[in-house]
Amino acid sequence: MELKDLIEKFSDTKENQQKAVFNTIFIAGNKLQTIFDQHIPDISLKQFMLLSTIRHADKQMTFTQLGELLGCSRQNIKKIASVLEKKGYVKIQTSSEDSRAQCICPTAKVQDFFENTFHQYQKELKFLFEVYTDEEMEMLFHLMMKLYDGIEHLESAVSKDEA
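From a predicted model like this one, the values you see are computed outputs, not experimental measurements.

What counts as what
- Residues numbered from 1 in each chain as written.
- Predicted model: local features only at pLDDT ≥ 70, side-chain atom pairs only at ≥ 80, totals over all residues.
- Heavy atoms only, no water.
- Disulfide = S-S within 2.5 Å.
- Buried < 20%, exposed > 50% of the residue type's maximum accessible area, 1.4 Å probe, protein only.
- Helix = DSSP H or I, 4+ residues; strand = E, 2+ residues; numbered from the N terminus.
- Contact = heavy atoms within 4.5 Å.
- Polar contact = N/O pair within 3.5 Å; in protein donor to acceptor, adjacent residues only side chain to side chain.
- Core = buried A, V, L, I, M, F, W, Y, C linked by side-chain atoms within 4.5 Å.
- Phe/Tyr/Trp six-rings, centres within 6.5 Å; stacked < 30°, edge-to-face > 60°.
- Salt bridge = Lys/Arg side-chain N within 4 Å of Asp/Glu carboxyl O.
- Arc of directions from axis to C-beta.

J.: Sorry, what's going on with the state of the cysteines here?
T.: Throughout this description, disulfide means a covalent bond between two cysteine sulfur atoms. According to the stated counting rule, one finds zero disulfides in the structure shown. Between Cys-72, a cysteine without a disulfide, and Cys-103, which holds the nearest cysteine sulfur, the sulfur-to-sulfur distance is 16 Å. Judged by relative accessible area, Cys-72 falls into the partly exposed class, the value being 27%. This cysteine, Cys-103, is not joined by any disulfide, and Cys-105 carries the nearest cysteine sulfur, 6.0 Å off. Assessed through its relative accessible area of 1%, Cys-103 is described here as buried.

Quick look at the structure:
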């Protein structure tokens, strides 16, 4: 079976389209992670996402805050941060706002990475999105942002069912 066969099979009803979009999110994520992990030296895509997030944060963020933002557990963040700390990209330290919490602070190596290596990621992103017109890119952006609304809606429905 080929991709176009699957697309045709799942294009007939709204329910099938929902299933196809849901599956595509995971398949696309896996494919992107594989591509980036194979082509970018020294760090994985998940490590890159964490570095990018802490680099753009206005203040120190705890493992819990980063987990909520990136959609994973604080334990997962701690594991990724520990690897990055061993590689010299971050320092894990006690939060200045809560002595019970730990924060991830970027080192000079992060700045060096974004100044000297990040262009490889940018090249990959350019290839990924150059198949879209400006209008399609804007539409995709808005639809992906709306996906977060759907996720929040699902989270509230699930939490009501658990209560």
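The rest of the description comes next.
J.: How do you make sense of the environment of Ser-95 when you look at a structure like this?
T.: Relative to the elements of secondary structure, Ser-95 occurs in the loop between β1 (90-94) and β2 (102-106). In this structure, the C-alpha to C-alpha distance between Ser-95 and Thr-133, residues 38 residues apart in sequence, is 44 Å. Once you skip the residues sitting within four places of it in the chain, Ser-95 turns out to touch Gln-60, Thr-62, Ala-101, Gln-102 and Cys-103. There is a polar contact of 3.1 Å between the side chain of Ser-95 and the backbone nitrogen of Glu-97.

J.: Where do I start with the nonpolar core in this structure?
T.: Leu-50, Leu-51, Ile-104 and Tyr-121 are the most contacted members of the largest nonpolar core, which has 23 residues in total. Counting residues per element, the ones that place at least two in this core are α3 (45-56), α4 (63-70), α5 (74-86), α6 (108-116) and α7 (118-129). In terms of residue count, the dominant contributor to this core is α3 (five residues).

J.: Please clarify how the packing of aromatic side chains should be interpreted in this entry.
T.: Think of a pair of aromatic rings as described by two things: how far the centres are apart, and how the planes are tilted against each other in angle. Scanning all chains against the criterion turns up eight aromatic pairs. Considering the side-chain rings of Phe-48 and Phe-114, the 5.9 Å spacing of their centres and the 35° angle between planes classify their relative orientation as tilted. With a gap of 66 residues between them, Phe-48 in helix α3 and Phe-114 in helix α6 connect regions that are remote in the sequence. We note that Phe-48, like Phe-114, is buried. With a centroid separation of 5.6 Å and an interplanar angle of 15°, the aromatic rings of Phe-48 and Phe-118 are classed as stacked.

J.: I keep staring at the pattern of salt bridges and nothing clicks. Help me out?
T.: Where charged atoms from two side chains of opposite charge approach closely, those side chains can pair. Inspection of every chain in the model, using the stated rule, returns three salt bridges. Lys-19 is paired through a salt bridge with Glu-15; the nearest N and O atoms lie 3.6 Å apart. Placement of both Lys-19 and Glu-15 in helix α2 (residues 14-39) is noted, with a separation of four residues, approximately one turn of the helix. Measuring nitrogen to oxygen at the nearest pair gives 3.0 Å for the salt bridge that ties Arg-100 to Asp-98. What makes Arg-100 exposed here is its relative accessible area of 77%. When its relative accessible area of 26% is taken as the criterion, Asp-98 is described as partly exposed.

J.: Looking at this structure, I do not really get α6. What am I missing?
T.: Three- or four-residue spacings in an α-helix give side chains the same orientation, since the helix completes a turn every 3.6 residues. Among the residues of α6, those classed as buried are Val-110, Phe-113 and Phe-114. Projection of α6 onto a plane perpendicular to its axis shows the buried side chains occupying an angular sector of 90°, all on one side. The exposed residues of α6 that point more than 90 degrees off its buried face are Ala-108 and Glu-115. The secondary structure elements touched by the buried residues of α6 are α3, β2 and α7.

Everything listed here is a matter of coordinates, which is why it stays silent on function.
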